[in-house]
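# Chain and residue survey
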Amino acid sequence: MALNFNVQWIHGAANCAASTDPRIQTHALDPDTFVLRESKCLSFEAPFLYLLAGSQRAFLLDTGARPESGPLPVRETVTRLLSGRNLDHVAGHSHSHGDHLFADEQFRGRPRTRVAPVDSPAAIRAFYGLSGWPDGSASLDLGGRKLTIFPIPGHEPHHIAVFDQRTGILLTGDVLYPGMLTVRTADWGEYKKSAKRLADFANANPVAHVLGAHIEMTKTPKVAFPLGTRFQPNEHVLQLGKQHVIELNQVCESLGPTPVRTVRDDFILTPQ
Ligand SMILES: [Zn+2]
């Protein structure tokens, strides 16, 4: 079944006080695959969260950024999207930065729900049954829907990628998305290896869409919005492709032992 990317994401407002946007927008790529976007009026990070359902369990990747005011209804959104289904839940994280795990507490103690650890490679490895870290992978069976999980540290030491065999979606968190891909110089070696790991994976698997955790590029190639903006009219589409995974690896391989800011049409490698 083709995925439905025909969506206008909420993208903040010039005047957030007058905005009628939902706190979290939801969009179904297919009947079992949901993308959630947090409002830019609540957090300039405006992260994307992913909810994938199989016949036995559902997997949520990330729980959002702290809203500047009011609640962030992640749990009730997930419950609403999957109402009427008899599922266990796994709440995982792309990585441990604060704009990806704010609503974790909403899921602790929730019936039939396990929340993945976030800040220990050993604990993450044990939780998913990864065969190694960072060179290893795990399979998570949602019931008729298998996910492949593998480490991609570098942007942050506990980062993972998630590939959905049913849809061909590769979830890349903050390692690859249409925006400013940040990496500290000290982590450059790890980051390069992860870019290679992603490219090798994409060359060996039917990756159809690459979905990250943010949008920071405009529709104009090479041009990003100013960091921290609350309003992103004409923002880049969310979805990238296999070619971007290959491109990121080529950029990394072309650079030496020190990362250099590199502007491409759809992302900007940004050393910090
Ligand atoms: Zn991050």
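Right, let's walk through the structure included here.

Rules behind the numbers
Residue indices begin from 1 for each chain and proceed along its sequence in written order. Whole-chain, interface and lining totals are the exception, using all residues; otherwise, since this is a predicted model, local features are given only for residues with pLDDT of at least 70 and side-chain atom pairs are given and counted only at 80 or more. Side-chain descriptors were evaluated using all non-hydrogen atoms of the structure, hydrogens and water having been removed beforehand. Strands are runs of DSSP state E lasting at least two residues, helices are runs of H or I lasting at least four, and both sets are numbered from the N terminus onward. Relative accessibility under 20% of the residue-type maximum defines a buried residue, over 50% an exposed one, and the middle range a partly exposed one, all with a 1.4 Å probe and only protein chains included. For Na, K and Ca the donor cutoff is 3.2 Å, while for all other metals N, O and S atoms count as donors only within 2.8 Å; water does not appear among the atoms, so some sites may look incomplete. The rule is simple: four donors are tetrahedral if all their angles sit between 85 and 135 degrees, four are square planar and six octahedral if opposite donors span more than 155 degrees and the others lie between 65 and 115, and anything that fits none of that is irregular. Here, nonpolar core means buried Ala, Val, Leu, Ile, Met, Phe, Trp, Tyr and Cys residues that are tied together by side-chain atoms lying within 4.5 Å of each other. We call two residues contacting when some pair of their heavy atoms lies within 4.5 Å. Two cysteine sulfurs form what is called a disulfide whenever their separation falls within 2.5 Å. Strand pairing requires that DSSP identify at least two bridges connecting the strands. Relevant arc is that of directions from the helix axis to the C-beta atoms, nothing else. For this document, the term salt bridge refers to a Lys or Arg side-chain nitrogen within 4 Å of an Asp or Glu carboxyl oxygen.

## Here we look at unusual backbone geometry
- Residues Trp133 and Pro134 are joined by a peptide bond in cis, for which omega reads 0°.
- Within the fold, Pro134 resides in the loop between helix H3 (121-128) and strand S7 (138-141).
- Phi at Lys222 takes a positive value of approximately 75°, unusual for a residue other than glycine.
- Along the polypeptide, Lys222 turns up in the loop between strand S12 (209-212) and helix H5 (242-254).
- For Lys222, a relative accessible area of 46% gives the class partly exposed.
- At Asn234, a residue that is not glycine, the phi angle is positive and equals roughly 60°.
- On the secondary structure map, Asn234 appears in the loop between S12 and H5.

## A look at the coordination of the zinc ion
- The zinc ion binds to the protein through His95 (NE2), His97 (ND1), His155 (NE2) and Asp174 (OD); the donor distances cover 2.1 to 2.3 Å.
- Viewed at the metal, the four donor atoms of the zinc ion are separated by angles of 88 to 172°, and the geometry they form is irregular.
- Counting residues between consecutive donors of the zinc ion along the chain gives the motif H-x1-H-x57-H-x18-D. Within this pair, whereas His97 is found in the loop between strand S5 (88-92) and helix H2 (104-107), its partner Asp174 is found in the loop between strand S10 (169-173) and strand S11 (180-183), the two being separated by 77 residues in sequence.
- Taking the relative accessible area as the measure of exposure, Asp174 reaches 4% and is therefore buried.

## Overview of the nonpolar core
- If you look at the biggest cluster of nonpolar residues, it comprises 28 residues, and the most contacted ones within it are Tyr50, Phe59, Tyr128, Val162, Leu171, Leu211 and Leu238.
- Apart from residues lying up to four places away in sequence, Tyr128 is in contact with Phe59, Gly92, His93, Ala116, Ala138, Ile149 and Ile160.

## What to know about the state of the cysteines
- Evaluation of the coordinates by the stated rule reveals one disulfide.
- Each disulfide pairs two cysteine sulfurs, and for Cys16 the partner residue is Cys41, the sulfurs being separated by 2.0 Å. On the S-S bond that ties Cys16 to Cys41, the torsion sits near -80°, and the link is left-handed. Placement of Cys16 in the segment before strand S1 (24-30) and of Cys41 in the loop between strand S2 (33-38) and strand S3 (48-53) is noted, with a sequence separation of 25 residues between them.
- Overall, Cys16 belongs to the partly exposed group, its relative accessible area being 24%.
- Judged by its relative accessible area of 17%, Cys41 is buried.

## Thoughts on the sheet that holds strand S14 (residues 268-271)
- Read across the open sheet, the three strands follow the order S11-S14-S13; overall the sheet is mixed. Two strands in the sheet have a free side with no partner beyond their single neighbour: S11 and strand S13 (262-263).
- With four bridges connecting them, S11 and S14 associate as parallel partners. Within the sheet, the bridge partner assigned to Val183 lies in S14 and is Pro271.

## Considering helix H1 (residues 74-81)
- When H1 is considered as a whole, its buried residues turn out to be Val74, Thr77, Val78 and Leu81. In a view along the axis of H1, the buried residues occupy a sector of 95°, so they form one face of it.
- Turning to H1, the residues buried within the fold contact S1, S2, S3, strand S4 (57-61), S5 and H2.

## Considerations on the pattern of salt bridges
- All told, the structure shown has 13 salt bridges when counted by the stated rule.
- Linking Asp32 and Arg85 is a salt bridge whose minimum nitrogen-to-oxygen distance equals 2.6 Å. Separated by 53 residues along the polypeptide, Asp32 in the loop between S1 and S2 and Arg85 in the loop between H1 and S5 bring together distant segments of the chain.
- On the basis of relative accessible area, Asp32 is assigned to the partly exposed category, the value being 21%.

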